[in-house]
Amino acid sequence: MKTIIEPFKIKSVEPIYFTTREQRAIILKEAHYNPFLIHASEVLIDLLTDSGTSAMSSNQWAGIMQGDESYAGSTSFFHFESTIQEITGMPVIIPTHQGRASEKILFSIVGGKGKYIVSNTLFDTTRANIEFSGATGVDLICEEGKYPTIPAPFKGNMDIEALKTFIAEKGAENIPLCMMTITNNSGGGQPVSMQNIREAKAVCSSYGIPLFIDACRFAENAYFIKLRESGYSEKSIPEIVCELFSYADGCTMSAKKDAFANIGGFIAMHSEQLAQQCRNMLILTEGFPTYGGLAGRDLEAISIGLREVMDEHYLQYRIRSVEYLTNQLITAGVPVMQPAGGHAIYLDAKKFLAHIPVHQYPGQALVGALYLHGGIRGVEIGSLMFGKYNEQQQLIPAQQELVRLAIPRRVYTQSHIDYVAEVIIEVYQERAKIKGLRIVEEAPMLRHFTAKLTPIVS
Ligand SMILES: *Cc1c(COP(=O)(O)O)cnc(C)c1O
């Protein structure tokens, strides 16, 4: 087989920023060892997130010029609405300024004290919005999803038996919604199988619990289904996507992911009654229902992006480039999540830095080392992001200590990816020198965004 090439050519370029190791040492210290506090102009390869960092196509840019900025009834809204209706099969489409705005609206309506939102794995903003409403978020990841370096085809799946047990225990009346995250971002960008979605839907239906999809990476997930699930290899991506959404009562989405947009999101659903409540909240916090916190041009770019993302040449290149990086790391013996996920590689920091205990945040220490060594910015997905404290103020660690290097869509070329592999492998060879961190300042919620840390010198 020939090399799988980038399925685009480049019309416009932007600079990336070179620094020396000495400069980066100072920058890292001044940023309190938190990559969110580093200026983008001091990052060489920015793998902090794949969110809002996509390169838009010439078609999307053309759409930007055609955006209709009318306050009410914008033409761009009707493009947006009909595109998403066609993709999801859902009649109600509510635009929002990004994914978490959709979550805030949805959970302030269905959430609240004493309620449980069950999921395969909730994304951090989703969990935070659920908890902010007073409800409890519950992750029911399948057994194989708990072991980062053991390969399995659908490690993003929900544990269906655990779902049944949980509902029986807490009572369906206390579970207003089940959320299936596809692909499973916090669980490693791992896909969910069609069978798992179907089974989750069957269980939810039998209890009258609505099934929602966190659809941020619906196209990447659909491509994995095509590659790995029997019965789907001959189906087109739009056909798979259509079946996938047919099991859902609604969905939330961040258009900053699989819509190649720099901002945007939506909520889609079947229930007109829930939609009314959502629209009331939308007008309060986002805007009128035909723009929802977005400019007309954004709505246009999103509609075009949502069609482009289902192109199979694109998805093949996308999934393959993540796998290509993962395979280089596996060959070098680096502990990395297997198999490769859809949008990112996940280093297993617990194994990578086995000499650093979890309460010294090995993931965050590794993030710092990658920046220092090669100017690469990643993010910790471990106890800094998800850790809690018990009553004695001791850390209750997260299940895993991961470092995510997310690959922006259509942005970096193969030589950038080769460079990233070289840096990670060199850091792995020098891992014994890396030190743990302690927190000196933190916020009560989503603390990883603003926390300040300092190295532990012993
Ligand atoms: C990014 C993301 C969100 C939140 O979307 P924002 O646009 O960042 O607010 C929710 N769920 C998943 C799975 C995500 O990846």
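Computed from a prediction, not measured in an experiment: that's the story for all the values here. (Residues numbered from 1 in each chain as written. Predicted model: local features only at pLDDT ≥ 70, side-chain atom pairs only at ≥ 80, totals over all residues. Heavy atoms only, no water.)

Enquirer: Would you take a moment to explain the site of the ligand for this structure?
Expert: The full set close to the ligand counts 15 residues, and Arg100, Asp214, Arg217, Ser254 and Lys257 are the nearest of them. A distance of 2.8 Å is found between an oxygen atom of the ligand and a side-chain nitrogen or oxygen belonging to Gln98. One of the side-chain N or O atoms of Lys257 is found 2.7 Å from an oxygen atom in the ligand. Contact with the protein chains hides 98% of the accessible area of the ligand, taken as 380 Å² for the molecule alone. (Near = heavy atom within 4 Å. Polar contact = N/O pair within 3.5 Å; in protein donor to acceptor, adjacent residues only side chain to side chain. Areas by Shrake-Rupley, 256 points an atom, 1.4 Å probe, with all protein chains shown as cover.)

Enquirer: Before we go on, may I ask you to explain the packing of aromatic side chains in this structure?
Expert: The relation between two aromatic rings is expressed through the spacing of the ring centres and the mutual angle of the planes. Counted according to the given criterion, the structure contains 12 aromatic pairs. Measuring from ring centre to ring centre gives 5.4 Å for Tyr116 and Phe166, while their planes differ by 80°; the resulting arrangement is edge-to-face. Of this pair, Tyr116 sits in strand S3 (residues 116-119) while Phe166 sits in helix H6 (residues 160-170), placing them 50 residues apart in sequence. Put simply, the rings of Phe8, Phe260, Tyr314 and Tyr317 pair up and form one aromatic cluster. (Phe/Tyr/Trp six-rings, centres within 6.5 Å; stacked < 30°, edge-to-face > 60°. Helix = DSSP H or I, 4+ residues; strand = E, 2+ residues; numbered from the N terminus.)

Enquirer: When you look at the state of the cysteines in this model, what are you seeing that I'm missing?
Expert: Here is the idea: a disulfide is a covalent bond, and it sits between the sulfur atoms of two cysteines. Tallied over the entire structure, the rule returns zero disulfides. Cys251 provides the cysteine sulfur closest to Cys216, a residue in no disulfide bond, and the two sulfurs are 9.5 Å apart. On the basis of relative accessible area, Cys251 is assigned to the buried category, the value being 0%. (Disulfide = S-S within 2.5 Å. Buried < 20%, exposed > 50% of the residue type's maximum accessible area, 1.4 Å probe, protein only.)

Enquirer: Before we go on, may I ask you to explain the layout of surface pockets in this structure?
Expert: Picture a little ball the size of a water molecule; that probe, rolled over the atoms, points out where space is still empty. Here the largest pocket defines a volume of roughly 1,400 Å³. Residue lining of the largest pocket: 38 residues in total, with Ser12, Glu14, Ala55, Arg410 and Val411 positioned closest to the centre. Elements with a contribution of two residues or more to the lining of the largest pocket: helix H2 (58-66) and helix H12 (312-331). Class assignment for the residues of the lining of the largest pocket results in 19 nonpolar, 11 polar and eight charged. (1 Å grid on protein atoms, 1.4 Å probe; cavity = no way out; pocket = protein on both sides within 12 Å on 5 of 7 lines; lining within 4 Å. Points joined across faces, edges and corners; volume = space filled by probe spheres on them. Nonpolar A, V, L, I, M, F, W, Y, C, P; charged D, E, K, R; others polar.)

Enquirer: What's the story with the domain arrangement of the chain in this structure? I'm lost.
Expert: Many structure descriptions define interface size as the accessible area lost when the parts assemble. Assigned domains of the chain: these are domain 1 (21-50 + 311-455) and domain 2 (58-308). A straight line from the C-alpha centre of domain 1 to that of domain 2 covers 26 Å. Taken together, the contacts link 34 residues of domain 1 with 38 residues of domain 2. At the boundary of domain 1 with domain 2, total buried surface from both sides reaches about 2,900 Å², with 57% on carbon and sulfur atoms. Area buried by domain 1 at its contact with domain 2 is led by Glu312, Leu315 and Arg409, which between them contribute 17% of it. (Domains from an automatic or database assignment. Contact = heavy atoms within 4.5 Å. Buried area = accessible area lost by both parts, 1.4 Å probe.)

Enquirer: I would appreciate a short explanation of the pairing of strand S14 (residues 402-406) in the present structure.
Expert: Of all five residues in S14, five are buried, a share of seventy percent or more. Across the two faces of S14 the burial is the same, with Leu402, Arg404 and Ala406 and Val403 and Leu405 all buried. Of the strand pairs in this sheet, strand S9 (residues 344-348) and S14 are connected by five bridges, and their pairing is antiparallel. Pairing of Ala344 across the sheet is with Ala406, part of S14. In the sheet, strand S11 (residues 379-381) pairs with S14 via three bridges, with the strands oriented antiparallel. Bridged to Val379 within S14 is Arg404. (Pairing = 2+ DSSP bridges.)

Enquirer: Where do I start with the sheet that holds S14 in this structure?
Expert: Two strands in a sheet stick together by hydrogen bonds in their backbones, pointing the same way (parallel) or opposite ways (antiparallel). Strand order in this open sheet of three strands is S9-S14-S11, and the pairing throughout is antiparallel. Only two strands of the sheet have a single partner each, and these edge strands are S9 and S11. Each strand of the sheet is rotated relative to its neighbour by a mean of 35°, with strand direction disregarded. Sitting on the sheet, helix H14 (residues 362-374) is in contact with S9, S11 and S14, with an inclination near 40° to S14. (Axes fitted to C-alpha atoms, helices over the stretch in contact; angles between N-to-C directions.)

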